[in-house]
Amino acid sequence: MENFVAWFGPVDQILAQNVLSAPLIAYLLLGLVVLNMLGRALEYRQHQSQAASGDWQDVTRHPLRVGTNFLLVVGAFYYMTIAHHGGLVFSMLVATVFVTDLFEFESRQVEVRNDRDLTPPKGSVTASILMLAYILFQTFFFAVAPFWSQVV
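Note that the structure is a prediction, hence the values are computed from the model and not measured.

Parameters and conventions
- Here the residue numbering is sequential within each chain, running from 1 through the sequence in written order.
- Only residues with pLDDT of at least 70 get local features here, since the model is predicted, and only at 80 or more are side-chain atom pairs given and counted; chain-wide, interface and lining totals rely on the full set of residues.
- Excluded from the side-chain calculations are hydrogens and water; all other atoms, namely the structure's heavy atoms, are used.
- By salt bridge we mean one thing: a side-chain nitrogen of Lys or Arg within 4 Å of a carboxyl oxygen of Asp or Glu.
- Note on conventions: DSSP H or I runs of at least 4 residues are helices, E runs of at least 2 residues are strands, and numbering of each starts at the N terminus.
- Partly exposed describes any residue whose relative accessible area lies between the buried limit of under 20% and the exposed limit of over 50%, with all areas from a 1.4 Å probe on protein chains only and scaled to the type maximum.
- Where helices are involved, their axes are fitted lines through C-alpha atoms of the stretch in contact, as for all axes, and angles between N-to-C directions lie from 0 to 180°.
- Relative orientations are named as follows: roughly parallel for angles under 35 degrees, roughly antiparallel for angles over 145 degrees, roughly perpendicular for angles from 65 to 115 degrees, and oblique for any other angle.
- A crossing counts as left-handed when the near helix is turned anticlockwise from the far one by less than a right angle, and as right-handed when that turn is clockwise.
- Whether two residues are in contact is decided by their heavy atoms: any pair within 4.5 Å suffices.
- Amino acids outside the nonpolar list (Ala, Val, Leu, Ile, Met, Phe, Trp, Tyr, Cys, Pro) and the charged list (Asp, Glu, Lys, Arg) are all regarded as polar, and Gly is one of them.
- Patch definition: residues with relative accessible area over 30% and no salt bridge; like charges joined within 9 Å; nonpolar side chains (Val, Leu, Ile, Met, Phe, Trp, Tyr) joined within 5 Å.
- Where accessible areas are quoted, they stem from the Shrake-Rupley method and a 1.4 Å probe; at the residue level, only the protein chains shown are allowed to cover.

Enquirer: For this particular structure, what's the right way to read the pattern of salt bridges?
Expert: Pairing is possible between side chains of opposite charge, provided their charged atoms come close. Using the criterion set out here, one finds five salt bridges in the structure. With a closest N to O distance of 2.8 Å, aspartate 101 and arginine 40 form a salt bridge. Taken together, the residues span a long stretch of sequence, with aspartate 101 in helix α4 (residues 84-113) and arginine 40 in helix α2 (residues 24-51) at a distance of 61 residues. An identical accessibility class is assigned to aspartate 101 and arginine 40; each is buried. Notably, a salt bridge pairs glutamate 104 with arginine 108, separated by 3.0 Å at the nearest N-O pair. With glutamate 104 and arginine 108 both in helix α4, this residue pair falls four residues apart, about one helical turn. You can call glutamate 104 buried: its relative accessible area is 14%. The class of arginine 108 is buried, set by a relative accessible area of 4%. Each of the salt bridges in this network shares a partner with another, and the network as a whole consists of Arg40, Glu43, Arg65 and Asp101.

Enquirer: I tried to follow the packing of α2 against helix α3 (residues 63-82) on my own but got confused; where do I start?
Expert: For any two helices packed against each other, one specifies the crossing angle of their axes together with the interaxial distance. For the pair α2 and α3, interaxial distance at closest approach is 9 Å and the crossing angle is 155°. Relative to α3, α2 is oriented roughly antiparallel. As for the relative orientation of α2 and α3, their crossing is left-handed in sense. The residues of α3 that touch α2, namely those facing Ile25, Ala26, Leu29, Leu32, Val33, Leu35, Asn36, Gly39, Arg40, Leu42 and Glu43, are Leu64, Arg65, Thr68, Asn69, Leu71, Leu72, Gly75, Ala76, Tyr78, Tyr79 and Ile82. Grouping the amino acids of the contact of α2 with α3 by side-chain chemistry returns 14 nonpolar, five polar and three charged.

Enquirer: I tried to follow a nonpolar patch on the surface on my own but got confused; where do I start?
Expert: Together, Val144, Phe147, Trp148, Val151 and Val152 give the surface a local cluster of nonpolar side chains, amounting to about 560 Å² of exposed area. Among the secondary structure elements, valine 152 is positioned in the segment after α6 (141-151).

Below, the structure written as structure tokens:
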């Protein structure tokens, strides 16, 4: 990275350094994606137990998923300052997960309000898998680079 584009000074010195050909922030984002997926599973279990009461206002968001969503949004936008193309694509995937999480939560409340069985959060799980696949590709590109260069 050129010195004239170090927007965040000391933060860039730490998070933009390459570790195995990817910036350190990419590995941190990978960890956040995995934590987010774990938080989503815990939230669904929490929703199942909260739905037993029958009151839709008892259904609440899980703090782990909310926290990792916030950190993913901030981290993805920071990643865009370091790796422009990869950061832009990853930011769009994070925004997709964020929006689907909003709608999935509202649908859980509607299901409880209408006395329906809770359905798994298929949309946000699918978006999370795409997000995980992309950040895995970004972080471990060195492993697929020989095959990638033959194709592209």
